[in-house]
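# Structure at a glance
These are the residues of each chain, in order.
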Amino acid sequence: QLQASGGGLVQAGDSLRPSCAASERTSRDYSMAWFRQAPGKEREFVAAMWRSTGRTYYADSVKGRFTISRDNAKNTVYLQMSSLRSDDTAVYYCAASQRIILSSLRNPSAYEFWGQGTLVTVSS
């Protein structure tokens, strides 16, 4: 099970750090990712961390502004978001997969487990 939290209402340029708590050793044995879905749009990839190496991957739109990280002791994955813009407004979802292949990291259909989402609203 995944539990996302830490969303909120911020102003453009601010920072926010949503977190995703796993019920077990999910974050260490699974590849973890963040996706987002804005109103009227499809769910899109934001960031991911590969399970074995911890290597990170980002969407071009957030590269240099967002950082995905994990705390294995807490079974928690974080998404540090900086320099937020109004187009970052969305519901943010964390996802996990133990069997995903590297080439599918950006595909939401490839993930077996999902958190409930946390709303991030950026006012301009």
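Residues numbered from 1 in each chain as written. Predicted model: local features only at pLDDT ≥ 70, side-chain atom pairs only at ≥ 80, totals over all residues. Heavy atoms only, no water.

Let us look at the environment of G13. Locating G13 in the fold gives a position in the loop between β2 (8–11) and β3 (19–22). For G13, a relative accessible area of 49% puts it in the partly exposed group. Residues in contact with G13, not counting those within four places in the same chain, are S83 and L84. (Helix = DSSP H or I, 4+ residues; strand = E, 2+ residues; numbered from the N terminus. Buried < 20%, exposed > 50% of the residue type's maximum accessible area, 1.4 Å probe, protein only. Contact = heavy atoms within 4.5 Å.)

So, about unusual backbone geometry. The backbone of N75 shows a phi angle near 50°, a positive value even though the residue is not glycine. Assignment of secondary structure puts N75 in the loop between β7 (66–71) and β8 (76–81). Overall, N75 belongs to the buried group, its relative accessible area being 18%. Not every positive phi belongs to a glycine, and S83 is a case in point at roughly 50°. Mapped onto the secondary structure, S83 falls in the loop between β8 and β9 (90–97).

With that out of the way, let us pick up the pattern of salt bridges. Enumeration over the complete set of coordinates arrives at five salt bridges. A salt bridge links R36 to D88, with the shortest nitrogen-to-oxygen separation between them at 2.9 Å. Separated by 52 residues along the polypeptide, R36 in strand β4 (residues 31–37) and D88 in the loop between β8 and β9 bring together distant segments of the chain. By the burial criterion, R36 is buried, and D88 matches it. The partner of D88 in a salt bridge is R65, with the nearest N and O atoms 2.8 Å apart. (Salt bridge = Lys/Arg side-chain N within 4 Å of Asp/Glu carboxyl O.)

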